[in-house]
Amino acid sequence: MATNYGQDRELRQQRAQVQSRWMEVYAPIRHLDPVLVLTALGLTAIGLVAIYSAKLVALSAQGLPPTTYVSRQLLALAIGVLVMVVVAVVDYRVVRVYAPVLYVVSIVLLGLVLSPLGTAFGGAQRWIVLGGFQLQPSEMAKLAVLVVVAALIHESEGQPRAGVVLACLVLTLLPTGLVFLQPDLGTSMVFVWSTAVLFLLGGVQARYLVGLTLSGVIGVIVALQTELIQDYQLSRLTAFLGAGDASAAQTAAFQTRQSLIAVGSGQFAGKGLFEGTQTSLSYVPENHTDFIFTVIAEEFGFLGGSVVLALLLVLVWRGLRIAILAKDTFGTLVAGGIVAILTLQVFVNVGMTVGIMPVTGLPLPFISYGGTSLIVWFAMIGLLLNIHMRRF
Amino acid sequence: MALPSSESSSSVLRLTFLAVLVITLFLALFARLWFLQVLAGDRYVELADSNRLRTVVTEAPRGAILAADGEELVRNRPALAISADRQVLLDATGAPVNAEAERVIERLAELLEIDEEEVIERLGSQRRSPFRPVPVAVDVTPEVVFTVQEQRELFPGVVPETLPVRQYPQDTLAAHLVGYIGEVSQEELLDPAFADYRAGDLVGRMGLEQSYEADLRGTAGERVLVVNARGDVLDVQRDREPVQGNDLVTTLDLDLQQATEQLLEDGIIASRSIRRDDGQLLPSTAGSAVVLDARTGAVLAMASYPSFDPREFVGGVSRAYFESLIEEDSGDPLVNRVIAGTYPPGSVFKTATGAAMVEGGHITPRGQVECAPAFELGGNTFRNWNRGVNEGMMDLSDALMRSCDTYFYELAFDQWLAEENAEEPDEVVIDVAERFGFNQRTGIDLPGEIAGRVPGRQWREEYWLARRDSYCQQAEAATAGSRAEELFTDLCRFGGAWRGGDAVNTSIGQGDVIATPLQVAASYQAIANDGVLMRPHLGAEIRAPDGTLIRAIEPEEFGSLELSDQTLAVIREGLERTVMEARGTGESAFTGFPLDQIPVAGKTGTAELRPRVPFAWFAGYAPADDPEIVVAVNVEEGGGGSQTAAPIVRNIMAHHFGVVLADEAEFEAGDEILD
């Protein structure tokens, strides 16, 4: 077919136009998930109000400005949004490549926590103080373990063999053990859970799954027998069942009881903002962190609690959608893993405040006071956005 | 997705599995929230309120109980007490909450000089409200209070306080009348009548403390506090000051009350050294006396022997003392025998039956009946008390003076015959006795009054129906031809019949008649008061703590004898002659009494309650021509009425009229055999 330069050029121009239109259509920035971002921001806003209400009276009584916690949380939000943008911009496949680095950094930090550099509070050593900021490395480690395990499974191209499974297990159990020593039973459970879900989603053979579950159960029994789990942890775990050692379980039983009273007395429509007596009179301990849901449930009732749960479900829905749309196994695994971690934390945290789960220190994502947690959750939103934007 | 299609579908499957799991978990949370907040929300609202609101109750000082002249019988005195907050020191199981609490209890025990277990026991008493400090020791020395105040850091949760405590300025005087107070019981707290009582509240348990509870109690102060989790008080939601209870002014004559108690006790004890015909000493186990105002029915004095010490009940009675009051051979000192002693009235009942015979139309007041030694009825011999002497023709006045049984037997039998022949028997004895105040509670303002009984056809029938089966069984079981078989067979078949013998026994206050000393006194009050029966009462006025009159308790008419003037006059004449004529059965007891200045009317009674020694009765009034007081005395197993009861009445009257004051009085027994 005869062609001339002019035609060629015209064709090239046409092709370039089509290409740029294509590029425009497929530009990652055009594939943001606004529902995901807005929902996360909405939950954070609700969390800020709840934190303010939870600490209003207590802080005033101490002569501190009532916005003490809120302003710190706002700062964390700003950082979180920044982190989210950065994480969303860099192609997530790059994240996959650097996953081992992230993992190693997390492990080092977890090690530092347990070293004399770590800070203890309330009987648990969970923090590193950096220039006036308390960093909670176990929150970062959640993300690191998720990414590194997902990368490993991704490498095995849908057929993870025994060696890969074993490697994943080792990579998971190392931070699990370190966090467990802090001690933070709740967060160490998250590592195990997220890897288990990744095994499920990543196509690990059923016999391995069954075998691992069995050895997990045996492991728990052994842990109980050998008193690897400290007494207070055990009694906190059993307190909500009304069982266990009376004196040791008292604190947990008190927390659960006061929490139930707060939630139940909120009734359908709640007592109104700042009107929660259980909240303002400090009957529920830790009601700006682990028990933040009681503030919402008491002051905004079943309606308010349902809105929060519904918004969290929206995140789950968007996350699962992204997992399905993802263009590679890594994307699917990371999105699915984030959904799994979110669900576990919501269920354990809210379940604890309504008395169907034991008292373990897991924050409610986006809502609970805690900078590291909020930043890491926005990083996860960034990752989800990233996977969503680059799904073609 | 970049996965091969088979892989892809498997991946979607796995994601769907995850989605189902996630949604299930969320649904569980929604369901639980719905249950807690919507279905069970009300309960948690209550719990939240009980968390945040603390009610602190300040007990109101109880009102005083005063004698008629304003002298205090019972009052409050402030007592230094050491109380402690149970919630600070004890956990739910009643054990010290921690080592610190244990040390506080240890120190407290040492300070109060009691055992640690005792401290814990008092502190943990479930009868005390947990929301206010529990008194651990009442009536402590000022030094103990000082120690606690000065070393507060050693005694967290321990507070010294001043509690109002019942005090008895007259010691044991009128113990049965004032009664005592005690903590409200668990059962009472469940009773709607005690709706405004809380655990640990005091409530009148006996006597006037009980019957005037509503007036004496006052209103407790109440502060409803809003507290936070640490127990800091943030706000006062409601504040109500305690209102002191009102005072009760009684009709009691303090001096006469003292005298009556003393003379009753002296008389009972002295009579125990009297030897009867059969050589045995009189048991005189117990007794009671009551003095009424003849015109108003007001109780001027009331005594029951043996008695108890109400001071022992202050701050909670000890088990040992309480058991000593209720054990079998204690003589039931807690029973006020004037209102709860149930006795056959014997001859003091003859005023009522005598009036009934006139009302029944069998005789006129001056009509005469032969006072034979005995009355024969259906093979049974009903003897006169005087053992075989025919005293000749008698009218009602003579019959009362001589207490002639056969006069009443004969008329009662006539009445019974008339009733038997009537279509609808008019049981005039019951009717007239009720006009005298028998067969019913007088309604005195004391708890625990007994109604007594005047038997008749209906009562007999009901009584028999309740026991017929037992009679019939005993008849079956008895040996053939024995006396028992005959008796029980008769009872089984005809036990429901009101027989002539029943009527005859009733006419002299025996058989199944039961009356309290108060009823007897009231019946003589009606005679003394020209036929108007006044309701006996102890309360006179309710006064506010500052003395202003809240309410006057007016004397109340309880009934009327509805007898003709002549009948009443003849009865009064008979009663006067009983005391003032040489042949009168009560005469011997009043030897030396200035009857010319203070004429006395009365009636002896010797109630048979075989196999026990007879119960002595005397009821009368003085001055006979213008009655002021009515006195009735009963001595259980005290022998003859003229022997034991009449001398006590005489001494009470002598004291009242200033003839011989109680302190100088001697008990001089009257003649034994006189009825």
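Residues numbered from 1 in each chain as written. Chains lettered and ligands numbered in written order. Predicted model: local features only at pLDDT ≥ 70, side-chain atom pairs only at ≥ 80, totals over all residues. Heavy atoms only, no water.

Attention now moves to the domain arrangement of chain B. Residue and element names in this part refer to chain B. In terms of domains, chain B is made up of domain 1 (15-53), domain 2 (56-245), domain 3 (254-338 + 563-664) and domain 4 (346-507). Look at where the C-alpha atoms of domain 2 and domain 3 centre, and you get two points 41 Å apart. Both faces combined, the contact of domain 2 with domain 3 buries some 1600 Å², and carbon together with sulfur accounts for 72% of it. When the area that domain 2 buries against domain 3 is broken down by residue, the three leading residues are Leu173, His176 and Tyr180, summing to 37%. Across the domain 2-domain 3 interface, the total number found is 1 salt bridge. A salt bridge links Asp171 to Arg311, with the shortest nitrogen-to-oxygen separation between them at 3.1 Å. On inspection of domain 2 and its partner domain 3, the count reaches 4 residue pairs in polar contact (both at pLDDT 80 or more). Those elements giving two or more residues to the side of domain 2 that touches domain 3 turn out to be strand 5 (158-167) and helix 7 (175-178). In terms of residues, the side of domain 2 that touches domain 3 owes the most to one element, helix 7, which gives 3 residues. Classifying every residue of the side of domain 2 that touches domain 3 by side-chain character gives 11 nonpolar, 4 polar and 4 charged. (Domains from an automatic or database assignment. Buried area = accessible area lost by both parts, 1.4 Å probe. Salt bridge = Lys/Arg side-chain N within 4 Å of Asp/Glu carboxyl O. Polar contact = N/O pair within 3.5 Å; in protein donor to acceptor, adjacent residues only side chain to side chain. Helix = DSSP H or I, 4+ residues; strand = E, 2+ residues; numbered from the N terminus. Nonpolar A, V, L, I, M, F, W, Y, C, P; charged D, E, K, R; others polar.)

Residues and elements named next belong to chain B. The tally for this structure, following the rule as stated, stands at 46 salt bridges over all chains. In this structure, Arg103 and Glu100 form a salt bridge, with 3.1 Å as the shortest nitrogen-oxygen distance. Of this pair, Arg103 and Glu100 both sit in helix 4 (residues 99-112), 3 residues apart, roughly one helical turn. Judged by relative accessible area, Arg103 falls into the partly exposed class, the value being 38%. On the accessibility criterion, Glu100 (30% relative accessible area) is partly exposed. Within the structure, one salt-bridge network assembled from shared partners comprises Arg366, Asp395, Asp398, Glu573, Arg577 and Glu581. (Buried < 20%, exposed > 50% of the residue type's maximum accessible area, 1.4 Å probe, protein only.)

It is worth spelling out the sheet that holds strand 1 (residues 118-121) of chain A at this point. Residue and element names in this part refer to chain A. The antiparallel open sheet is built from 3 strands, whose spatial order is 1-2-3. The two strands at the open ends of the sheet, each matched to only one other strand, are strand 1 and strand 3 (133-135). Ignoring which end each strand starts from, the neighbouring axes of this sheet average 50 degrees apart. By the bridge criterion, 3 bridges tie strand 2 (residues 124-130) to strand 3 in an arrangement that is antiparallel. Residue Leu130 lies in a different strand from strand 3, and its bridge partner there is Phe133. (Pairing = 2+ DSSP bridges. Axes fitted to C-alpha atoms, helices over the stretch in contact; angles between N-to-C directions.)

Below, the discussion takes up the packing of aromatic side chains. Inspection of every chain in the model, using the stated rule, returns 25 aromatic pairs over all chains. Ring centres of A:Tyr69 and A:Tyr369 lie 4.8 Å apart, and the angle between their planes is 85 degrees; on these two criteria the pair is classed as edge-to-face. Here the residue A:Tyr69 occupies a position in helix 3 (residues 68-89), and A:Tyr369 occupies one in the loop between helix 13 (329-353) and helix 14 (371-389), the gap between them amounting to 300 residues. An aromatic cluster is present here, built from B:Tyr180, B:Phe308, B:Phe313, B:Tyr321 and B:Phe322 joined pairwise through their rings. Here A:Arg72 stacks its cationic end above the ring of A:Tyr69, 5.7 Å away from the centre of that ring. (Phe/Tyr/Trp six-rings, centres within 6.5 Å; stacked < 30°, edge-to-face > 60°. Lys NZ or Arg CZ within 6 Å of the ring centre and 35° of its normal.)

Here we take up the packing of helix 16 (residues 405-421) of chain B against helix 20 (residues 500-507) of chain B. Residue and element names in this part refer to chain B. The interhelical angle for the contact between helix 16 and helix 20, taken along N-to-C directions, is 135 degrees, at an axis separation of 8 Å. Taken together, the axis directions place helix 16 and helix 20 in an arrangement best described as oblique. In terms of crossing hand, the pair formed by helix 16 and helix 20 is right-handed. Across the interface between the two elements, Phe408, Tyr409, Ala412, Phe413 and Trp416 of helix 16 pack against Gly500, Ala503, Val504 and Ser507 of helix 20. Looking at side-chain class alone, the contact of helix 16 with helix 20 contains 7 nonpolar, 2 polar and no charged residues. (Parallel < 35°, antiparallel > 145°, perpendicular 65-115°, else oblique. Left-handed = near helix turned anticlockwise from the far one by under 90°. Contact = heavy atoms within 4.5 Å.)

Let us look at the sheet that holds strand 8 (residues 221-227) of chain B. Residue and element names in this part refer to chain B. Read across the open sheet, the 3 strands follow the order 1-8-9; overall the sheet is antiparallel. The open sheet is flanked by strand 1 (53-58) and strand 9 (233-240), the only strands paired with a single partner. Neighbour-to-neighbour, the strand axes of this sheet turn through a mean angle of 25 degrees, independent of strand direction. For strand 8 and strand 9, the ladder comprises 6 bridges, and the chain directions are antiparallel. Within the sheet, the bridge partner assigned to Val224 lies in strand 9 and is Arg238. Those strands touched by helix 2 (residues 41-52) are strand 1, strand 8 and strand 9, and its axis lies near 55 degrees from that of strand 1.

Another point: the interface of chain B and chain A. Contacts between chain B and chain A engage 37 residues on the former and 56 residues on the latter. For the chain B and chain A pair, buried surface summed over both sides reaches about 3900 Å², with 75% attributable to carbon and sulfur atoms. Summed over the three residues of chain B that lose the most area to chain A, namely B:Arg14, B:Phe26 and B:Gln37, the buried surface amounts to 18% of that side. If you look at where chain B meets chain A, you find 0 salt bridges.

All names here are of chain B. In this structure the tally under the stated criterion is 2 disulfides over all chains. Paired by a disulfide, Cys371 and Cys404 hold their sulfur atoms 2.0 Å apart. Taking the sign of the S-S torsion, about 110 degrees here, the bridge from Cys371 to Cys404 comes out right-handed. Placement of the pair is Cys371 in the loop between strand 13 (369-370) and strand 14 (374-377) and Cys404 in the loop between helix 15 (396-402) and helix 16, with a sequence separation of 33 residues. The pair Cys371 / Cys404 is uniform in exposure class, with both members buried. Between Cys472 and Cys492 runs a disulfide, and the two sulfur atoms are separated by 1.9 Å. On the sign convention where negative means left-handed, the S-S torsion of about 90 degrees between Cys472 and Cys492 marks this disulfide as right-handed. Pair noted here: Cys472 is in helix 18 (residues 457-477) and Cys492 is in helix 19 (residues 483-494), with a separation of 20 residues, a long-range link. (Disulfide = S-S within 2.5 Å.)

Phi is mostly negative for residues that are not glycine, and the peptide bonds are mostly trans. Residues and elements named next belong to chain B. Omega for the bond connecting Tyr305 with Pro306 falls within 30 degrees of zero, at 0 degrees, which places this linkage in the cis form. Tracing the backbone through its elements, the reader meets Pro306 in the loop between strand 12 (299-305) and helix 12 (319-326). At the junction of Ala622 and Pro623, the peptide bond is cis and its omega measures out at -10 degrees in the coordinates. In this structure, Pro623 sits in the loop between strand 22 (612-622) and strand 23 (629-636). Positive phi, normally seen in glycine, also occurs at Ser403, with a value near 50 degrees. Position of Ser403 among the secondary structure elements: in the loop between helix 15 and helix 16.

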